[in-house]
Amino acid sequence: MSEITESFPSCDVDNEESTYSYQTYKTEPPVGEEILTKFENRSALAQDLNLLSGLPELCDIIFLVGEDKQPVCAVRAILAARSRVFRKQLYSHVPRRCSLKDTSPRSIKSKSKPPNTIVVPEFEPSVFKQLIEYLHTGVCTLQPRTLFGLVNAADHYDVEELKQACINFVGQSISTDTVCHMLSNADRYIQYKSTKVLIQKVMEFIDRNGDEVLSLPSFSILPKHVVQLIISRESLAVSEVNKFVAVYNWSKSQYEKEPCLAINCDEKVVKLSDIVEGFLDYIQFHKIPIHYLMNEVRQSGAVPDTIIMMAVAYQMDPASIDVSKFSRSYSH
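Residues numbered from 1 in each chain as written. Predicted model: local features only at pLDDT ≥ 70, side-chain atom pairs only at ≥ 80, totals over all residues. Heavy atoms only, no water.

**Considering the overall build of the protein chain**
Basically, it comes down to this: Each helix corresponds to a stretch of at least 4 residues labelled H or I by DSSP, and each strand to a stretch of at least 2 residues labelled E; elements are numbered beginning at the N terminus. Between buried and exposed lies partly exposed: a residue is buried under 20% and exposed over 50% of the maximum accessible area for its type, with that area taken using a 1.4 Å probe on protein chains only. Throughout, a contact is declared for two residues whenever any of their heavy atoms are within 4.5 Å. What sets the accessible areas is the Shrake-Rupley method with a 1.4 Å probe; for residues, cover comes only from the shown protein chains.
Summing up its helical and strand segments, the protein chain has 15 helices and six strands in all. In the protein chain, which comprises 332 residues, the share counted as buried stands at 40%. Taking the contacts inside the protein chain whose residues are at least 6 apart along the sequence as the reference set, 58% of them involve residues at least 24 apart. Surface accessibility of the protein chain: about 19,300 Å² in total, with carbon and sulfur atoms responsible for 52%.

Written out as structure tokens, the structure reads:
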């Protein structure tokens, strides 16, 4: 028998349109058999299941997530069915097989009960909520800010299709508007292997669009080691002048946030040049024009005169300076 599928709009659920469908067999069934029609309304199912996390009385497991231990509610049976990691975590104490004689109310009550609360310190609440939402409903809204957390949560709990969706989302969504927001949260998940996969994709985009990315206001939200990773890349198509400007502006933004940080046991007050110092090895000052070195770099007060004078001397007579003695970057 052949079949056709028809989709129809259903009633609104929270003002969001869902759809349902019929699968109806076109040809006449054999004599004596009834006509079969398959009805589906998956979107309504997803919407209803999504309500679970907001109704603790319908859930039987609570996760305390992140540093603040925010509660995230879930149904353990759904999690176990969707993730082998959750299944092992939530049901490893339960015997795999039970005989019928062991199913009396008394014997069931005597068996050890699974934990009702589990602490999850490694993921942010917003990330973990997205994971739980997907496991309950099959639906998840991907967004740049939580992407690094979500791909690693999916990997950690062995939700392969969600992990792959996150990786694919990078290629579809990365732009100068989103790139820094993606990387801003990478620091928290740097120890996870999936982070390396995403960072590589993002870095390849930055290599091609370096001048624009380094001049973005959002560049200042990146962690220090991410900035170092970016400007140290040989494949980065950016002039040394633009590298210096990006580093100087990033350092200035950090300095303006907390100008008097304690950086050692002597409670030394941090200067702007102290922050810039962490990037000097990644800028090839000998490739910056002399007039810019003297009028901009030197006037900023962020770079030691010895480095500036060495760069000027190199440009005047390259044979007179062994630049490899002073900075890693000069050896390139």
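Still more to cover.
**Here's the deal with the pattern of salt bridges**
It is possible for side chains bearing opposite charge to pair when their charged atoms get close. The following threshold applies: Here a salt bridge means any side-chain nitrogen of Lys or Arg lying within 4 Å of a carboxyl oxygen belonging to Asp or Glu.
In total, this model carries seven salt bridges according to the counting rule given. One salt bridge in this structure joins E124 and R145, with 3.9 Å as the shortest N-O distance. Linking E124 in the loop between β6 (117-120) and α5 (125-137) with R145 in the loop between α5 and α6 (147-156), this pair joins segments that are 21 residues apart in sequence. Across the pair D207 and R233 runs a salt bridge whose closest N-O atoms are separated by 2.7 Å. With a gap of 26 residues between them, D207 in helix α9 (residues 193-208) and R233 in the loop between α11 (224-231) and α12 (240-257) connect regions that are remote in the sequence.

**Section: the pairing of strand β4 (residues 61-65)**
Going by this rule: Should DSSP find at least two bridges between two strands, the strands are regarded as paired.
Side chains of β4 alternate between two faces, with I61, F63 and V65 buried and I62 and L64 left unburied. Looking at chain direction, β4 and strand β5 (residues 70-74) are connected through five bridges and run antiparallel. Residue pairing for β5: I62 is matched across the bridge by C73. For β4 and β6, the ladder comprises four bridges, and the chain directions are parallel. The residue bridging F63 from the neighbouring strand is I118, located in β6.

**A short note on the environment of I230**
Position of I230 among the secondary structure elements: in helix α11. In this structure I230 comes out as buried when scored by relative accessible area, which is 0%. Between the alpha carbons of I230 and I206 there is a distance of 7.9 Å; along the sequence they are 24 residues apart. Here I230 is in contact with L183, M203, I206, L214, F219, L222 and L236, once residues within four sequence places are set aside.

**Observations regarding the side chain of S251**
Within the fold, S251 resides in helix α12. If we skip the residues at most four places from it in the chain, S251 touches L272, I275, V276 and F279.

**Notes on the packing of aromatic side chains**
Quick note on the threshold: Ring geometry is summarised as follows: Phe, Tyr and Trp rings, the Trp one being its six-membered ring, pair when their centres sit within 6.5 Å, and such pairs are stacked at plane angles under 30 degrees, edge-to-face over 60 and tilted between the two.
Summed over the entire model, instances satisfying the criterion amount to twelve aromatic pairs. Measuring from ring centre to ring centre gives 5.3 Å for W250 and F279, while their planes differ by 75°; the resulting arrangement is edge-to-face. Placement of the pair is W250 in helix α12 and F279 in the loop between α13 (272-276) and α14 (290-300), with a sequence separation of 29 residues. Across this residue pair, the class does not change: W250 and F279 are buried. Connected via pairs of aromatic rings, a cluster forms that spans F63, F86, F123, F128, Y157, Y189 and Y192.

**Describing the confidence of the model for the protein chain**
What counts here: Scored from 0 to 100, pLDDT records how confident the predictor is in each individual residue.
Scored by pLDDT, the protein chain comes out at a mean of 80, with 76% of its residues at no less than 70. Residue range residues 107-112 is modelled with pLDDT below 50. Its contacts to residues more than four positions away, or to other chains, number five contacts. Scored below 50 in pLDDT, residues 328-332 shows 18 contacts in the model against residues more than four places distant or in partner chains.

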